[in-house]
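Commentary on secondary and tertiary structure
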Amino acid sequence: MFAFSSVVYSNPYNNRMDEFIDNLMSKMTLEEKIGQLNLPASGEIITGQAKSSNVAERICKGQVGGLLNLKGVERIRDLQKLAVEESRLGIPLLFGMDVIHGYETIFPIPLGLSCTWNMEAIEQSARIAAIEASADGICWTFSPMVDVCRDARWGRISEGNGEDPYLGSEIARAMVRGYQGDAMKRNDEIMACVKHFALYGGAEAGRDYNSVDMSRQRMFNDYMPPYKAAVEAGAGSMMAAFNDVDGIPATGNKWLMTDLLRKDWGFDGFVVSDYTGITEMVDHGMGDVQDVAALSVNAGVDMDMVSDAFMTTLVRSVEEGKVSEETIDTACRRILEAKYKLGLFEDPYKYCDLKRPAKQIFCDKHRKIARKIAAESFVLLKNEGNILPLQKKGTVAVIGPLANTKANMPGTWSVAAVAENIPTLVEGMRFALGDKVDIITAKGSNLMSDAAYEERATMFGRSLNRDSRTDQQLLNEALEVAAKADVIVAAIGESSEMSGECSSRSELDIPDTQRTLLEALLKTGKPVVLTLFTGRPLVLNWEHKNVPAILNVWFGGSETGSAIADVLFGDVNPSGKLTTTFPQAVGQLPLFYAHKNTGRPLGEGRWFEKFRSNYIDVSNDPLYPFGYGLSYTTFEYGDVILNTKSMSMDGEITATVNIKNAGNYDGYEVVQLYIKDLIASVTRPVKELKGFKKIFIKAGETKTISFKISPEMLKFYNFNIDYVVEVGDFDVMIGPNSRDVKSARFTLR
Ligand code: NOJ
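Residues numbered from 1 in each chain as written. Predicted model: local features only at pLDDT ≥ 70, side-chain atom pairs only at ≥ 80, totals over all residues. Heavy atoms only, no water.

**A short note on empty space enclosed by the protein**
- One pass over the structure, following the stated rule, counts three cavities of 30 Å³ or more.
- Around the largest cavity, the lining residues are Met-28, Glu-32, Gln-36, Ile-59, Gly-62, Val-64, Ala-83, Ser-87, Arg-88, Leu-89, Ile-91 and Leu-93.
- Of the residues assigned to the lining of the largest cavity, the class counts are seven nonpolar, three polar and two charged.
- If you add up the space inside the second largest cavity, you get close to 70 Å³.
- Every residue along the wall of the second largest cavity is listed here: Ile-100, Pro-110, Leu-113, Ile-122, Ser-143, Pro-144, Met-145, Glu-159, Asn-161, Ile-171 and Met-175.
- Of all the elements in the fold, those that place two or more residues in the lining of the second largest cavity are helix 5 (110–114) and helix 7 (165–180).
- For the lining of the second largest cavity, the residue count by class is eight nonpolar, two polar and one charged. (1 Å grid on protein atoms, 1.4 Å probe; cavity = no way out; pocket = protein on both sides within 12 Å on 5 of 7 lines; lining within 4 Å. Points joined across faces, edges and corners; volume = space filled by probe spheres on them. Nonpolar A, V, L, I, M, F, W, Y, C, P; charged D, E, K, R; others polar. Helix = DSSP H or I, 4+ residues; strand = E, 2+ residues; numbered from the N terminus.)

Right, dumping it as structure tokens:
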């Protein structure tokens, strides 16, 4: 049996990568090459059983290139050992996992993280996720998800960075840097997998997996930039989206996977399908399993996640001339290159240091950082009469179905989280506040009404976990607890499963029974603060009208409870700003700030005019615009000053604004720069984010903030999808959100 013993394995770095892989591939059979393209589910492998499992047998036969979502360094080491010692060529495996917003130390869901507008913090969250995951044997994460989304019905809006391509691109780069570090050289740096290529966030009607059909202009100007940014940042792999793009499923779309991704953008990593994405093309109507596997590999998809379609059909397809051996070689080479770049040929156990988990996973240091970042992700939506921050004294009643649950704190896609280690909201608050505040608590309601639970139980064929007490019993108990409190904190919103994959919603209200609870709490006449848990923008008209203070906490991760206490009680002044528009009605969706003008726009300040582009029952405005978020202090913006009103093609303009912290609290402000191209060869958005700065201003202090504007920043994809800049007038807008901006005009000559 050949193994990487002395000659080849011991010192591959003496060879260049190409030579090493040429040498290795010259020894591989066609079946072994196809084996490298196979990413089966790992099944229920536990240590000790690894050897006898079905997956183990396949590993030994060289039929597996990697495994996914297997947790535990010992198990991973055992399986790696099988690959290295028992398969003919001893090629190490990739171990991938959905490490989306942290490993065991969980950070806010990505949508929440994006609301920090803090690229260092976002990079740090990815860095810590990589440290913890790699300590547990993982060398590859299925993250970042960079799908732009403008429709809050889509459950996976929670996993992305919101609606904006510019901000999304900055975040994509930060995440890749955080995961991959210094080109994955160290044993705590792992390979990123950018997903879902492409346009998954554009699913029609916000229904998961649905078709995406959009103009090339929208595609290139608004949806593609974050994927491209991640490629430019050196991401090692890319995941194909489930949806079709221009009538061809992404997983079999050669234009997407080869022409655009590799030829135009120069991507040199490998592409993995999504989970059974290849065989799902049968339902897309692209042929039988053999056809779709061939379509996929010929398109440029290198690895088959879970479908087993490559394993079962590619040999035959090569024999029948449907796929060339060269195509298989190319795909195999890309997988081997990834393993080489990760250093797995040099040391297959690079990520299997059994001493690391105890020291590095869910450690105090990481949890403290997660707490800080969580607090930074919260968005203060309303604070009437400065009810917040609360004083650290008296009795606070924390009431609601999200008050005492561990499982709901981390939020969707927290595969590695250990629920029992995660403090509930009440536990976290008690930990943060000590005995300064007496915290009492009640559940108040289930997540949904009794009737809704019954309906869903029938739908899913199983009963869902809920309290055995009736809605009325829970409400009575809550009112008794509320009666003893000085202030009520209502812990209300979505459960974590209500967003994420396959969790599209057609109504975006807070579930009925929780609204009833909230109404009852408000009727007590005590001050009520709504801490809103959600994985997406909700329709909050009623809450906005009736509740004095609303702090949107998304799903803040493992340290949610303490972080909420930090903000509610003023140790942290909130600075989060929305990265996705909150609508007034589901019927407005998709709703986003960077929309285009129509030929019949509404007059300034009007919400209805005859024969204008509007609805007859709701204004065009969002409830909360993109970029919006309050602070405990107030920031006053001066006028936008341009150093010149005219810019040449090789010139630059500086836009400056004075910002005064006019309140009583020191605080961070996210200053946002938007630009509008007034006249162009194609219709252009009413404004587009082109820059931002997160700055700290002490109470009473004024800071001068400048942005440099260059012609490069004014480029867009024109009708022919050429990336151009066109001369003419531009409005520069600066403000605290996308709505409340001040502007100045310049001309590009
Ligand atoms: C399906 C999801 O779409 C994708 O994001 C995830 O990485 C894979 N499953 C693997 O779990």
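**Quick look at the sheet that holds strand 19 (residues 646–647)**
- Taken together, five strands build an open sheet; the order of strands is 19-27-26-21-22 and the sheet is mixed. Here the strands that pair on one side only, and so sit at the sheet edges, are strand 19 and strand 22 (688–697).
- Two elements, strand 19 and strand 27 (residues 742–748), share two bridges in a ladder whose sense is parallel. Of the residues in strand 27, the one forming a bridge with Ser-646 is Thr-747. (Pairing = 2+ DSSP bridges.)

**Some words on the domain arrangement of the protein**
- Assigned domains within the protein: domain 1 (366–568) and domain 2 (633–748).
- Computed from C-alpha coordinates alone, the two centres of domain 1 and domain 2 are separated by 37 Å. (Domains from an automatic or database assignment.)

**So, the packing of helix 6 (residues 119–135) against helix 7**
- Contact geometry for helix 6 and helix 7: axes closest at 7 Å, N-to-C directions at 35°. Classified by chirality, the crossing of helix 7 by helix 6 is right-handed. Within the contact between the two elements, helix 6 uses Met-119, Ile-122, Glu-123, Ala-126, Arg-127, Ala-129 and Ala-130 and helix 7 uses Leu-167, Glu-170, Ile-171, Ala-174, Met-175, Arg-177, Gly-178 and Tyr-179.
- In the contact of helix 6 with helix 7, the residues fall into ten nonpolar, one polar and four charged. (Axes fitted to C-alpha atoms, helices over the stretch in contact; angles between N-to-C directions. Left-handed = near helix turned anticlockwise from the far one by under 90°. Contact = heavy atoms within 4.5 Å.)

**Thoughts on the pairing of strand 21 (residues 667–677)**
- Among the eleven residues in strand 21, nine count as buried, and that is most of the element.
- Pairing geometry for strand 21 and strand 22, over nine bridges, is antiparallel. The residue of strand 22 that forms the bridge with Ile-675 is Glu-688.
- Sheet analysis places strand 21 next to strand 26 (residues 728–735), joined by six bridges and oriented antiparallel. Note that in strand 26 the partner of Ile-675 across the bridge is Val-732. (Buried < 20%, exposed > 50% of the residue type's maximum accessible area, 1.4 Å probe, protein only.)

**Digging into unusual backbone geometry**
- Here the residue pair Lys-195 and His-196 is connected by a cis peptide bond, since its omega of -5° sits within 30 degrees of zero.
- Along the chain, the position of His-196 falls in strand 5 (residues 191–197).
- Between Leu-589 and Pro-590 the backbone carries a cis peptide bond, its omega angle lying at -5°.
- Structurally, Pro-590 can be placed in the loop between helix 22 (560–568) and strand 17 (635–637).
- Look at Asn-69: it is not a glycine, yet its phi comes out positive at around 50°.
- Tracing the backbone shows Asn-69 in the loop between strand 2 (66–68) and helix 4 (73–86).
- What makes Asn-69 partly exposed here is its relative accessible area of 28%.
- Backbone geometry at Trp-117 places phi at a positive 50°, although glycine is not the residue there.
- Relative to the helices and strands, Trp-117 is located in the loop between helix 5 and helix 6.
- Owing to a relative accessible area of 1%, Trp-117 belongs among the buried residues under this scheme.

**A look at the site of the ligand**
- Close to the ligand lie 14 residues; Asp-98, Arg-156, Lys-195, His-196 and Asp-274 are nearest.
- At 2.7 Å from an oxygen atom of the ligand is found a side-chain nitrogen or oxygen belonging to His-196.
- At a separation of 2.5 Å, an oxygen atom of the ligand approaches a polar side-chain atom of Asp-274.
- The protein chains hide 96% of the 290 Å² of surface that the ligand would expose on its own.
- Its residues placed into classes, the shell around the ligand shows seven nonpolar, two polar and five charged. (Near = heavy atom within 4 Å. Polar contact = N/O pair within 3.5 Å; in protein donor to acceptor, adjacent residues only side chain to side chain. Areas by Shrake-Rupley, 256 points an atom, 1.4 Å probe, with all protein chains shown as cover.)

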